[in-house]
Each structure stands twice: as C-alpha cells, then as structure tokens.
Amino acid sequence: MTDQRNYRDSLDFDEVRWGTHCVDCYPGNCPMRVFVKDGKIVREEQSGTLPIIEDGVPDYNPMGCLQGACWHQSLDGPERIAFPLKRAGERGEGKWERISWQQALDEIADSMLDAIHDHGPRSIVREGSPETAVVGPVGRFFNVLGGFELDLNGAIGDFNPGVYLSFGKQQIESSADDWFHSQVILFWHSNPVYTRIPFYHFMSEARYNGCEIVNISPDINPSHTHADYQVVVKPASDTALALAMVQVMFEENIADWEFVREQTDLGLLIRCDTNRYLRACDLKSDGREDQLYQWDPQAGLTEADRGTLKLNGRKIALEGRFRVKLADGSEVEVRPVCDALREQVDTLYTPERQQEITGVHPDTVRMLARKVASRRTNIMHGMNACKIYHGDLIERAMCLVLAVSGNWGRKGTGIRCWAAGLLDGSMLAMGKNKPGVQAAAQILENREKMLGNLKQMDPTLTTELAMAELTKGPRGILGQMSESKGRDTPVAAQSIPAFWWYYQVDGRDRWNTKSWGDESLGRSIDDYVTEAIDKGWWDGLDHPRTEEVPQVLIECGGNTLRRTRGGKKALMKSLWPKLKTIVDIDFRMTQTASHADYFLPAAQHYEKVSFAITCPQVLNLTLGDKVVEPLGEAKEEWQIFSDLLAAIGERAKARKLAEYTDPEGRVRRYEDLWSQFTMDGYYKNQEVVADEQIRDSVIAGTLPDGTTLETLRETGFVRFIDWGIMPGALSQASPFFANETHTPFRNHLEAGDPFPTYSRRAQFYIDHEWFIEAGEQLPVHKPNPAMGGDYPLGISSGHNRWSVHSVNHLNKTVLGTHRGTPTVLVNPDDARARGVEDDDLIRVFNDVSEFRSRARVAAGVSPGQIISYNGWEPMQYPGWSGANEIEPGMVKWSGFSGGYGHLNYSFLGWQPAPVDRWTRCDFELADG
Ligand code: SF4
C-alpha cells in the first residue's frame, strides 16, 4: 500500500505547462508536458500531440529522449548554483565567496569600463553559443556594447566544408518525416541511434516500408543493429569509397546523366593547359571572369547560363576534348570536368584500387553503387566527417555520389547536415530599436529594397543568391547598411575563431607542426595565413590580432574549456593569463565556470521563456515556457545583461566616464547602453522579448496570423507556414508545403534555380589557385595526417547516447543509465596487448597531452581505434582533464582560402574550422 501511495503521490500535480529543452540537442523541439505540484516540478512527459503532415507518412510522435524525461532533476541537482559567486582563491582552485548581485554587477561593470577605457570595447569577447535561450540577450548585449563575438560554427567545429564547397551552402535539412520516403539510407559518418533519438523511428518506419539501411563506419557502432548492411571502412578513407561508387556508376552507365548535365558543373569546360575553367575573359578582353562554358554538340562552344540550370533538352558534352580560340589568337584544348573526373576515377578509384585504401570489397562497392543509382537515397550525414582533417574531401566525394546518381530535390533523397531559420522575429526583434511590428516591417521593407536593387543589377540572382551576396563579409551589405545608421542598429564586431586561436592561443604553433598536417604540401600554415591576409580575403575578420589583447571574457551558453580542442591545458597557458576578468553565466558549475572569476547564476530552461532551435527538420515553433520561478537568486539571461548594462551606466557616471569610440569611429554613450538594450525599458524581461519575436515572425510571414505567446501556451507548438528571410531557411531552396514533407533543393531540380556557388551549379571542380596547387581541384583521397604525433592508435568520437553535450552528464538519472563515469572504448586485442581489462583506469596520451579514463573493452571497436564519446564534463575525469586535452585542433589550409565565388565568409558559413577525429595517440594502464 505504501509503495502504491508513493507512486500515486509522484503522479499528483496541481498544474501542467508546456516545456522543451532549449539546448543544442539539434534539432530537439520535443513538446513536453511539465507537471507542477506546490510550485515544484514533479515530472515531465512527451506530449504525443503532433499531427500527421502528409497522408501515408507517420507522424512525429512521441518525440522525446531520456535526458528530456528527467530534465527537471538538474533544477536542484548537485551541480546547480543559484547565487552569485566570486573567486576567493586562485583560478580553478575551487575557493569561492558568495556575493550580492549588486557587488557582482558593479565589479564586473568596473572591469569592463577599465577594458573599454584602456583597450577599447573589442577587448570584451565572447564565443558564439547555440543555446537559443541566450542567443538573443548575449548577442544584443554585445551589439550594444560593441564587443567582440566569435562565429559559432568555427568555435564548435560544426561547419561542413565539403558540403559547402559543393553547394555553396551547408544548411541543408529535410523534415524528419521526409526520411520515410527514402529507399536507401546510408548512415555515413553518423550514428543516429545515439544522436537522433526522437526522430530515429522515421528510419525504422522507412525500413518497414522497404528502405534498406547501410551503416558505413570503421567500428560496429550501435546504429548497425538496425542496418541491413554493415560496411566496415578504414578510418578517414571514405573519399576513396565514394569515388569508387562514382566510378561504377560511370562504368556501368547507370549514372543519371540528365541530372548531372543540368545540376552540376561536370558539363563545364576546363582548360587542359592550366586546369582552370575556360572563362569569358579568356576568350575576349572584356569578358566576365565568372562566365563559364559548356560544349554543345550542335552549337559548339556555349555560355553556361548563370540564371538557370535548365538545359531544355540540350545534351551538352560530358566527355571529349575540343579546341577553342583565345582572345590573344592562340588555341587551347578544353574538356568537360566530367571527362577529367572519369579519367581520375578510372585510374585511381576502381573498386579494386579503392580496396587497398578502404578495405571494402569491390563487390560491396558495386552493390552499393547500383542501389544508390537506382533508388531514392538519403545520406544521414552529420558533424563527424567535417571534424576529420581531409573531411572536406570526404564530404565533396559523398555529394558527388548523390550528384551522379540524381539524388537530391526528390523526396527521401539528399544529405543531412543542420540548418536553422524560420523564426524571423528572433532576428527582427533583436535588430530593431523601437517596439512594435512597424519597426520590424521597416526592416523587412529595407531588405526587400536591397534585394530588389541587387536583382536589378544582376537579373540572374534568385532571392537565395541575392541574400547570399548581402550577407558576405564581416557584416555583409545588410550589416554595413545598419552600421551607417549610427545609434539605431548597433552591431558587434564579428570574427573567426581560427584567428582567435592563431593569435591569442597556441594554434599557430600547433598548426605549423609539419608532421601533424598535410606533409605533401610545400608550404606552412603561416604561408597560407599570410597570403590570405595579404590578399584581403579575410579583411575585417582576422582579429583579434596578437596586439589586440582580450581583457574580459564572457562565457554564456558555452563551456569553452570543455569543448575547445586542446582544452584546459592550451587555454590556461596562453589565454587565461591575459584575461583580467572571466565571467561565467550558467545555471550549473561547469569546467569553465570553475576556472572563472565570477559566476552569475542563470535560470534553468524550465525557469524562463524560450524556444527550441527552429529548423526545417521539425518545422515547428516549440515553446519552452517558464514553468517555475528561478531557484535562489538565479535570473534569466535577459535580466542579467540588462542589469549589467545598467550597472555599467551607473559606474561610468560615478567614474565620470561619458562615452567611448569603437574602432569604426562610432561614439557610444554609457548612459544610453541600457536604453538601447531594452528599448527604453520596453524589453523588460524575456517574456516580452519572446512575445515580440512571435509577433515579428507573423509580420515576416513565417507564423500564422494571430499567433502570440498566449496562443502558443495553449498548444505548445505551432507549425510554420513559410520559410521567411533567414539564410538557413532560404538555403532549403524548396517551396513550403503545409501538407507535405520537406525536401531541400526542389527549386534547383524542378525550377532550375542556380546554386550559390562560383559556377552557379553544384560544384565539384574548385579551380581556386590553392586547390590546384594541392591537387584538390576534384575530390581525391588523401591519408589522414599524424595529428598529435607518431602513435599507433587513432581516437574517434561522436555524440554520447547519454547526454546533450555536457549539460546532462551530472544528472543522477542519466548517470544511472550507464557506468556513471567517463569511458573510452578500446579494441580487445589492443587492450590485451597493453595489459588492460574492462573498467581499468587507463592513461591516453600523445605529444599534445594526456587524460585518464575507464576502459570499456568492446569487440565492435576496430583494431587501432579508440572511441571517446563526447560530452563528459571534464571534472568527471581524474585531474579534471577531458579527452579534448589531447586534440591539437588542426585547421586545414584550405579553410583560409577566399576571394573566389562562394569561398567568402558569411555568418556560420565558409571559414577555417578545427578538426579532432583520428588524432594519433596510445594508451596504457594508469595508476589508481
Ligand atoms: Fe527532445 Fe532535446 Fe528535450 Fe531530448 S533534450 S526531449 S531531444 S528537446
């Protein structure tokens, strides 16, 4: 009876609200019912209320994961800190004193005033964060202050360079229910059983519907359990496998030739003498530099249309050599890209030749190629290949497989990365300086005018392409126009994390270690960086330089000591001593917080209003409501930054400081900062901001008329009705259907809309001078460099099943679902050779550093491989040193290239990003 009563008591509640978890559990968006009893959350449940979108396709229900089902436990878990703290000992010593909010804000404000006065506002720095609850407040705070922000994608390494090189964009995501239409799904550099828990059922359902699943990986990872085929490929050799599949499709004439001709650059002509595209400026002195050519068997040399992909039945040549006359009267031989590609794959990547590289049997390659060429194929890709040194080549080759088999723009096809957009109000509400929809409408009108002007100048531009032009560079044209309006729309300086590590950490030393990089190149990274800067490819973005020493670091929504490659050791040695003040804003004690000077307690996700990342995969706006009051003295981030600006105003007044000038000559007055942030007090809290974001989204046309925060509180989520204006949404290049699954690239395939690449096609031939120098104009296999030193093992990673990054790893229920301590998976033979048994403590080491962890001896791990799933909080390891300590964080030279069509920075776009997978290392039995 007692047990029964306890159980019944646990189900008792007096209120139920909508909640979700606004961390980067991409894409998340699970609507949860959160039950409250006497002002405390007692449990949460999946809502199960999502509708069917397309007839015959399963719905999204139930949506949820084990972390979400016990989220409320971290409200008052042991890691929760609910009061402002100030360091009382050395950084990282663990000694703190509890202080008042007023003391904390005044002291931090004073340190910021010192930094601005002595070094300028850009000496106040933050890394980007994907945590949606903080993106608005911290972003607006830095805009108002004129501080310095680092691009999120570069910081976390979630940029897919090969996908971007191929399509001119990387935010490509179908709706999850579209996977049901797939006939073949390749798990390729992904492990969706771990990483796509709420959406995995669509893959199972597709399989019941006849789809075949192929798991391609070096290890037998958990996703193989539900696959029809396991293809064991040697580490980082996937480029060769993909190119061999392309070779088979060519050889057996099963390629989708019409698709190849229209959608890709394989029909464009390249010069045999220079390996560069044949350009109009080669043929006539006043010819365009970006006008490229095709060979039409009837008409001969033909300009490739920059405004449409459609050939209207013309069968342009994909093979052969032709002679053309240049402007100076000389003649050169040209041939289609496809001709060069065929020669390359026939020479280097037949199924038999690739076996030497990949270990995959030629029959398997032929089987895969035939399946992919004849069925709607979806590559469940993710953020793994992009973290391999030559991951750009791997991704380019994967995209080429899809191109040659005609696998995008049709339901159930394509490649999955990540994308965000749709909640246009989040951008509009943070960019305006007056309350109300009129101010948002004015921004939209200005944007339309700018897009219109661009399209008038170049009628071949679609809205997607025009928007890409507007957002290129440090600010994009949009940002520059905002900036010229003085106080109205303040902006922060934006930069690329690679330059941060290069100038302010120890990236320069690491990246120039020749044996850790691509040894086949004749040049050092310094050569590339210097050339890139000299040529102005990163103008305005190559900061903060060595002399621009950062003074104040604000960490909010991130955990840089956990996630940065090189970890604590690298940052403590090079960056930490320069920083006068480190402020960590979080709801819990993290590795970074433990090494900060001040800890400001933030509200947890159930203690403030926020939204999950809005994205094509779910297509809903999902509410994370304020279910309970913040614990102790915790505050929502909006309040914290608002209060901090008020304190800066007060302290400036007390110190008789009136104004400062940022490096662009803009004068900012201390007494105005709070008013700008809050629009004279209108944005008084996150609730008001959230409501404004919804109303502005309605004006932008992405949410149904009449949607407000109150209507959202009735349903918990609302489906978007259109793509809106954000680049990540426009990248989908598809119509928005209310009653259909979403497949990206339909506009490219069905309407012939050009791609935002240099060639205006899906581009597999990159004739940038650096790519030709490295022999990478076409995707080629290159061996993975010995990053970290000459050691016999390689460490790989991926998201842990038991976490959303490190945010749940101290939750007691989550800990109870596994061994409760960090582990690395090792192969039994490798373990035996080192005298290691299951659960032994081992030391993993290389030339960079070391960390200690328990060994999980697992037969599914390849010999020579160790796996450290990502997300453990470093303080869970002995010595508080996590697996990122041994990662050198190499950055490939090609990331610094620029000045070439789509190889130009835009926010979250083209940039150098660090890699870590298959870092060399070894392990041994550790003491303890
Ligand atoms: Fe869904 Fe993310 Fe919450 Fe899990 S943590 S239930 S995936 S929103």
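Residues numbered from 1 in each chain as written. Predicted model: local features only at pLDDT ≥ 70, side-chain atom pairs only at ≥ 80, totals over all residues. Heavy atoms only, no water.

With respect to the overall build of the protein
1) Next: When helices and strands are tallied, the protein shows 32 helices and 32 strands.
2) Next: Rg of the C-alpha trace for the protein: 27 Å, near the compact-globule value of 30 Å for 928 residues, within the 12% margin.
3) Next: In terms of principal-axis extent, the alpha carbons of the protein reach across some 80 × 65 × 55 Å.
4) Next: Across the 928 residues that make up the protein, the buried fraction comes to 65%.
5) Next: Considering only contacts in the protein between residues 6 or more positions apart, those separated by 24 or more positions represent 73%.
6) Next: Within the structure as shown, the protein displays about 31,900 Å² of accessible surface, and the carbon and sulfur contribution to it stands at 49%.
7) Next: Seen as two clouds, the 100 positive and the 130 negative side-chain charges of the protein have centres 0 Å apart. (Helix = DSSP H or I, 4+ residues; strand = E, 2+ residues; numbered from the N terminus. Rg over C-alpha atoms; globule rule 2.2 N^0.38 Å. Buried < 20%, exposed > 50% of the residue type's maximum accessible area, 1.4 Å probe, protein only. Contact = heavy atoms within 4.5 Å. Areas by Shrake-Rupley, 256 points an atom, 1.4 Å probe, with all protein chains shown as cover. Lys, Arg positive; Asp, Glu negative; His and termini not counted. Charge placed at Lys NZ, Arg CZ, Asp CG, Glu CD.)

Observations regarding helix α24 (residues 637-654)
1) Next: Taking 1.5 Å of rise per residue, the 18 residues of α24 would be expected to cover 26 Å, and the 25 Å separating its terminal C-alpha atoms lies within 8% of that figure.
2) Next: Taken residue by residue, α24 has Glu637, Trp638, Ile640, Phe641, Ser642, Asp643, Leu644, Leu645, Ala647, Ile648, Gly649 and Ala652 as its buried positions.
3) Next: The positive-phi residue at the C-terminal boundary of α24 is Lys656, with phi of around 60°. (Expected span 1.5 Å × (residues − 1).)

Regarding the side chain of Ser190
1) Next: One can find Ser190 in the loop between β8 (184-188) and α6 (192-195).
2) Next: Of note is the side chain of Ser190, whose polar atom sits 2.4 Å from the backbone oxygen of Met380.
3) Next: Filtering out sequence-adjacent residues up to four positions away, Ser190 remains in contact with Asn215, Asn221, Met380, His381 and Gly382. (Polar contact = N/O pair within 3.5 Å; in protein donor to acceptor, adjacent residues only side chain to side chain.)

Let's talk about the site of the ligand
1) Next: Residues in contact with the ligand, as listed here, are Thr20, His21, Cys25, Gly28, Asn29, Cys30, Gly64, Cys65, Gly68, Trp71 and Pro198.
2) Next: Its residues assigned to classes, the shell around the ligand comprises five nonpolar, six polar and no charged. (Near = heavy atom within 4 Å. Nonpolar A, V, L, I, M, F, W, Y, C, P; charged D, E, K, R; others polar.)

A short note on the nonpolar core
1) Next: Residues Phe167, Met245, Trp408, Trp538 and Phe896 are the most contacted members of the largest nonpolar core, which totals 162 residues.
2) Next: Setting aside anything within four residues of it in sequence, one finds Met245 in contact with Trp188, Val365, Leu368, Ala369, Val372 and Val401.
3) Next: Ranked by size, the runner-up nonpolar core spans 43 residues in total, among them Met112, Phe141, Val583 and Trp638. (Core = buried A, V, L, I, M, F, W, Y, C linked by side-chain atoms within 4.5 Å.)

A closer look at the packing of helix α2 (residues 101-119) against α24
1) Next: One can describe the packing of α2 onto α24 by two numbers: an axis separation of 8 Å at closest approach and a directional angle of 65°. The hand of the α2/α24 crossing is right-handed. Residue-level inspection shows Trp101, Leu105, Asp106, Ile108, Ala109, Asp110, Met112 and Leu113 of α2 in contact with α24, the latter providing Ile640, Asp643, Leu644, Ala647, Ile648, Arg651 and Ala652.
2) Next: Grouping the amino acids of the contact of α2 with α24 by side-chain chemistry returns eleven nonpolar, no polar and four charged. (Axes fitted to C-alpha atoms, helices over the stretch in contact; angles between N-to-C directions. Left-handed = near helix turned anticlockwise from the far one by under 90°.)

Focus on the packing of aromatic side chains
1) Next: For the coordinates displayed, the defined rule picks out 40 aromatic pairs.
2) Next: Ring plane angle 65° and centroid distance 4.9 Å describe the contact between Phe259 and Trp408, whose orientation is recorded as edge-to-face. Residue Phe259 is found in helix α9 (residues 257-263), and its partner Trp408 is found in the loop between α14 (391-404) and β17 (414-415); the two are separated by 149 residues along the sequence. For the pair formed by Phe259 and Trp408, the shared burial category is buried.
3) Next: Three or more aromatic residues joined by ring pairs form one cluster here, namely Phe499, Tyr502, Tyr503, Trp511, Trp538 and Phe896.
4) Next: Positioned over the ring face of Trp18 is Arg33, at 4.0 Å from the centre of the ring.
5) Next: Stacked on the ring of Phe845, the Lys or Arg Arg843 has its end atom at 4.2 Å from the ring centre. (Phe/Tyr/Trp six-rings, centres within 6.5 Å; stacked < 30°, edge-to-face > 60°. Lys NZ or Arg CZ within 6 Å of the ring centre and 35° of its normal.)

A few points about the sheet that holds strand β16 (residues 377-380)
1) Next: If you trace the five strands from one edge of the open sheet to the other, you get β10-β9-β8-β16-β17, paired in parallel fashion. Whereas interior strands pair on both sides, the edge strands pair on one side only; in this sheet they are β10 (229-232) and β17.
2) Next: One ladder, built from four bridges, connects β8 with β16; its direction is parallel. If you follow Val184 over to β16, its bridge partner there is Thr377. (Pairing = 2+ DSSP bridges.)

Some points on the sheet that holds strand β2 (residues 32-37)
1) Next: Spatially, β1-β2-β3 is the arrangement adopted by the three strands of the open sheet, whose pairing is antiparallel. For this open sheet the edge positions go to β1 (15-19) and β3 (40-46), each flanked by a neighbour on one side alone. With direction set aside, neighbouring strand axes in the sheet form an average angle of 30°.
2) Next: Direction of pairing for β2 relative to β3: antiparallel, over a ladder of six bridges. Looking across to β3, one finds that Val36 is bridged to Ile41.

Some words on the pattern of salt bridges
1) Next: Taken as a whole, this structure holds 81 salt bridges when the rule is applied.
2) Next: Arg279 is the partner of Asp767 in a salt bridge, and the nearest nitrogen-oxygen pair spans 2.8 Å. In this pair, Asp767 sits in the loop between α29 (746-751) and α30 (769-773) while Arg279 sits in the loop between β11 (269-271) and α10 (280-283), placing the two residues 488 residues apart along the sequence.
3) Next: For Asp767, a relative accessible area of 0% translates into the label buried.
4) Next: When the shortest N-O distance is used, the salt bridge between Lys411 and Glu740 registers 3.0 Å. With Lys411 in the loop between α14 and β17 and Glu740 in the loop between α28 (727-730) and α29, the pair connects residues that are 329 residues apart, well separated along the chain.
5) Next: Under the relative-accessibility criterion, Glu740 is labelled partly exposed at 24%.
6) Next: Sharing partners across several salt bridges, the network here consists of Glu15, Arg17, Asp625, Glu687, Glu710 and Arg713. (Salt bridge = Lys/Arg side-chain N within 4 Å of Asp/Glu carboxyl O.)

Focus on helix α25 (residues 670-678)
In an α-helix, one turn spans 3.6 residues; hence positions three or four apart end up facing the same way.
1) Next: Among all positions in α25, only Tyr670, Leu673, Ser675, Gln676, Phe677 and Thr678 are buried.
2) Next: Looking at the buried residues of α25, the elements they touch are α2, α3 (132-145), α24, β24 (659-661) and β25 (667-669).
3) Next: Positive phi appears at Met679, one or two residues downstream of α25, with a value of about 50°.

Notes on the confidence of the model for the protein
1) Next: In the predicted model, the protein carries a mean pLDDT of 94, and 97% of its residues have values of at least 70.
2) Next: Segment residues 480-490: pLDDT under 50, and 19 contacts once partners within four positions in sequence are set aside and those in other chains are kept. (pLDDT = per-residue confidence, 0-100.)

Some remarks on the state of the cysteines
1) Next: The tally for this structure, following the rule as stated, stands at zero disulfides.
2) Next: Here Cys386 stays free of any disulfide, with the sulfur of Cys417 as its closest cysteine sulfur at 8.5 Å.
3) Next: When its relative accessible area of 5% is taken as the criterion, Cys386 is described as buried.
4) Next: Looking at Cys921, it has no disulfide partner, and the nearest cysteine sulfur is the one in Cys386, 20 Å off.
5) Next: The exposure class of Cys921 is buried, given its relative accessible area of 0%. (Disulfide = S-S within 2.5 Å.)

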